[in-house]
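Structural features, examined
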Amino acid sequence: NTTGGNNIGTLRFLGSNTFAGTIGATNTLSAINLVGGAGKTVNLQGNTKVGTGNLNFATGAAATTTLSLSDGVTITGNVNNSTASNDIGTIQFLGDGTITGTIGATRTVSAINLQGASKTVNLLGATKVGAGNLNFAAGSTSTSILSLGDGVTLTGNLNNTTGSSNIGILQLLGNSTITGTIG
């Protein structure tokens, strides 16, 4: 967005795609919508800034529509499920990563998977995850860290799906709440 103002334009991903650059480097886009169906993956390889329209799992997305974040990617803004149903969309962290805004404010995302060995994922806003849980998933190790910012509420369960014991570290950076089960 080179208009000189924020919240201009919407980027729609209609299916699987890899985007290697930065999104919103100069000014934020209004929204980014993932509308590809089941099994479609959008891999963001650069930092992304989105405005008030959010980064959305939008109408057309399914539980297995995946937002994949490469190592070191920061999403500045909210990630939302704007469909009519809960449990739509999966967020996959392939390494270190940060989401500065809320996740699932309108409706729950299906799952959030941490897959980086010895990597840290920072969630800095209220997070709502559905039946797929927030998981230390395949690729996570005993030194993989999930860090929740001060005041963050995690609505949903935190799980280790690797098949091995003693995987993952939960780090609370202040007063945080987890409403579901851990482990």
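Scope of this entry: the structure provided in the associated data block. This one's a predicted model, so the numbers in the text were calculated from it and none came from an experiment. (Residues numbered from 1 in each chain as written. Predicted model: local features only at pLDDT ≥ 70, side-chain atom pairs only at ≥ 80, totals over all residues. Heavy atoms only, no water.)

1. Comments concerning empty space enclosed by the protein
In plain terms, the rule: Both cavities and pockets are sets of points on a 1 Å grid over the protein atoms alone; in a cavity a 1.4 Å probe fits but cannot get out, in a pocket the set is open with protein on both sides within 12 Å along at least five of seven lines, and lining residues sit with an atom within 4 Å of a point. Grid points are joined across faces, edges and corners, and a volume is the space filled by probe spheres set on the points.
According to the stated counting rule, one finds one cavity of 30 Å³ or more in the structure shown. Quantified by volume, the largest cavity comes out at close to 30 Å³. Lining of the largest cavity is provided by Phe93, Gly95, Leu114, Gln115, Gly116, Lys119, Val121, Ser144 and Ile145.

2. Quick notes on the side chain of Asn54
What counts here: Secondary structure elements are defined from DSSP: runs of H or I of at least 4 residues count as helices, runs of E of at least 2 residues count as strands, and each element is numbered from the N terminus. Whether two residues are in contact is decided by their heavy atoms: any pair within 4.5 Å suffices.
Following the sequence through the fold, Asn54 ends up in the loop between β5 (48-49) and β6 (55-57). Excluding anything up to four places from it in sequence, Asn54 contacts Ser30, Ala31, Ile32, Asn78 and Asn80.

3. What to know about the sheet that holds β6
Rule in force here: Paired strands are those between which DSSP finds at least two bridges. Convention adopted: a line fitted to C-alpha atoms gives each axis, helices being fitted over their contacting stretch, and angles between N-to-C directions are expressed from 0 to 180 degrees.
Taken in spatial order, the four strands of this open sheet run β1-β3-β6-β9, and their pairing is parallel. Among the strands making up the open sheet, the edge pair consists of β1 (10-13) and β9 (79-81). Across the sheet, the mean angle from the axis of one strand to that of its neighbour is 20 degrees, orientation sign disregarded. As judged from the four bridges shared by β1 and strand β3 (residues 31-34), these two strands associate in the parallel manner. Looking across to β3, one finds that Phe13 is bridged to Leu34.

4. With respect to the sheet that holds strand β13 (residues 120-123)
Strand order in this open sheet of six strands is β5-β8-β11-β13-β15-β18, and the pairing throughout is parallel. The open sheet has two edge strands, β5 and β18 (169-172), and neither has a second partner. Across three bridges, the pairing between strand β11 (residues 97-99) and β13 is parallel. The partner of Ile99 across the bridge, within β13, is Leu123.

5. So, the environment of Thr161
Note that Thr161 resides in the loop between β17 (158-160) and β18. The spacing of Thr161 and Ser144 is 17 residues in sequence and 13 Å in space, taken between C-alpha atoms. Leave out the neighbours within four places in its chain, and Thr161 touches Asn135, Phe136 and Ala137.

6. A closer look at a nonpolar patch on the surface
Heads up, the rule is: Each patch is built from salt-bridge-free residues with over 30% relative accessible area, joining like charges within 9 Å and nonpolar side chains (Val, Leu, Ile, Met, Phe, Trp, Tyr) within 5 Å. Residue-level accessible areas treat just the shown protein chains as cover; the underlying method is Shrake-Rupley with a 1.4 Å probe. One speaks of a salt bridge when a side-chain nitrogen belonging to Lys or Arg is within 4 Å of a carboxyl oxygen belonging to Asp or Glu. Accessibility here uses a 1.4 Å probe with only protein chains present; expressed as a share of the type maximum, an area under 20% marks a residue as buried, one over 50% as exposed, and anything in between as partly exposed.
Together, Leu170, Leu172 and Ile182 give the surface a local cluster of nonpolar side chains, amounting to about 250 Å² of exposed area. With respect to the element layout, Leu172 can be found in strand β18. Exposure remark for Leu172: the relative accessible area of 42% places this residue in the partly exposed category.

7. Some remarks on unusual backbone geometry
Not every positive phi belongs to a glycine, and Asn7 is a case in point at roughly 65 degrees. For Asn7, the position within the fold is in the segment before β1. Non-glycine residue Asn54 carries a positive phi angle of around 70 degrees.

8. Overview of the pairing of strand β4 (residues 41-44)
Summarising the sheet, strand β2 (residues 17-19) and β4 pair through three bridges and their orientation is parallel. Note that in β4 the partner of Asn17 across the bridge is Val42. Relative to strand β7 (residues 66-69), β4 runs parallel, the two being bridged by four bridges. Bridging from a neighbouring strand, Thr41 pairs with Thr66 of β7.

Function-wise, these values are silent; they only describe arrangement.
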